[in-house]
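Working through the structure, step by step
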Amino acid sequence: MDEGMVCKREPIEREQVIAKYLSRSLDAEAVEEFEGHYLGCDECFDELQVSERLAADLRASNLAWNQTEGVSVLRFKTNAELTHSAQELDELRREVLEQSDSRVIIDLSHVTRIDSAGLGQLMSCYSHLIKNRGALKVLNPAPEIRKLLDMTGLSTVIPTFQDEREALNSFKN
Amino acid sequence: MMDLSEPSIERLRLKLRYKVLYHVGHNCADIDDLVQETLVRFFRAEQRKIIRNTDELGAFLNGVCRNVILEYRRRIRREPAIDPDNPIPDPGIRPEADVLEMRDAIDNGLKELAERDRMILRSLYLEGKEKEAICKEWKMTDAQFRVVLFRAKERFRRAYTTEMKRSAVEEH
């Protein structure tokens, strides 16, 4: 696809260039060309900003967040996999490592699969929160996930609970 | 002749900020300095009339900005790492109120999207799939894909415009 003069093209083609730019799948030359274009084109820059907002919305779509008693509770709305290529892993990173919350519960009840990347991400979240003088607790892992947390020793580092109230109370101690 | 009115300069600043953020990331403490340096060089070039092709001001500005970012990267590679006793606070983490507000806005936007539409849009914006592959996967025509895409964008355009107006009112 020719990324040059994107606004002269079909709107749907322009949107594809924007989508690739946002997902960072344009090559370096195409990025240069598109940036050179939107710096001089208000219409394309507006479209880029709206699409970025849409993409941000989509990214956060499977991870719900709420705050109870000063603790952030993150839970997946539908079944999720915390595996190497899963979008959810990226969402989790964004929600924990890029935010300022320091007391976090991750509800794993909808997590159906976890691999070394997922376990590593939980560990990164834990280290990040500890560094910020906070804490991470895990809630409701399915038996097979619990088994993996035990086998890898992660459950000895990250406290695991079956009951949300109990998990929330643990932050008071 | 270039438009040097205040709104035009602010618009350029906003666009440059976007580009700089894209390349150096939210954790860079010098984003505004890089944008300012780009603008200074650009206007200096404009005053000296050394911009040959005035129809391609965007491309020229992009080149200036690219050089500023490259020089910045070289400079930080040469300079010693941050003093661990006096770390620079991370400006990438937004204040708590902003985070809460952003999350609310995202939740509100989400309610308006049908699950199927959301999955189609995820394929395009997050997974980087081509339109043809998406249409094949969802058994859609080009026209149906277009409707899904532009209906969602229109909804977000409205939300975005409302938010921008609200921010502008709050700033004044």
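Residues numbered from 1 in each chain as written. Chains lettered and ligands numbered in written order. Predicted model: local features only at pLDDT ≥ 70, side-chain atom pairs only at ≥ 80, totals over all residues. Heavy atoms only, no water.

1. Regarding the overall build of chain A
- Counting secondary structure elements, chain A contains eight helices and seven strands.
- Classification of the 173 residues of chain A by burial places 54% in the buried group.
- Relative to all contacts within chain A whose residues are 6 or more apart in sequence, the contacts with residues 24 or more apart total 62%.
- Here chain A displays about 7,600 Å² of accessible surface, and carbon together with sulfur accounts for 48% of that area. (Helix = DSSP H or I, 4+ residues; strand = E, 2+ residues; numbered from the N terminus. Buried < 20%, exposed > 50% of the residue type's maximum accessible area, 1.4 Å probe, protein only. Contact = heavy atoms within 4.5 Å. Areas by Shrake-Rupley, 256 points an atom, 1.4 Å probe, with all protein chains shown as cover.)

2. Notes on the overall build of chain B
- What chain B contains, in helices and strands, is seven helices and zero strands.
- From first element to last, N terminus to C terminus, chain B shows the α and β order α-α-α-α-α-α-α.
- Taking all 172 residues of chain B together, 33% fall into the buried category.
- Considering only contacts within chain B whose residues lie at least 6 apart along the sequence, 55% involve residues at least 24 apart.

3. Notes on empty space enclosed by the protein
Residues and elements named next belong to chain A.
- Evaluation of the coordinates by the stated rule reveals one cavity of 30 Å³ or more.
- There is about 30 Å³ of room inside the largest cavity.
- Lining the largest cavity we find Leu122, Val138, Leu149, Leu154, Ser155, Ile158 and Thr160. (1 Å grid on protein atoms, 1.4 Å probe; cavity = no way out; pocket = protein on both sides within 12 Å on 5 of 7 lines; lining within 4 Å. Points joined across faces, edges and corners; volume = space filled by probe spheres on them.)

4. Quick notes on the side chain of Lys19(B)
- Within the secondary structure, Lys19(B) sits in helix 1 (residues 6–24).
- For Lys19(B), a relative accessible area of 1% corresponds to the buried category.
- When near neighbours in sequence (up to four residues on either side) are disregarded, Lys19(B) contacts Glu32(A), Glu35(A), Tyr38(A), Leu39(A), Asn62(B), Cys65(B), Arg66(B) and Ile69(B).

Everything listed is a geometric property; what it means functionally is a separate question.
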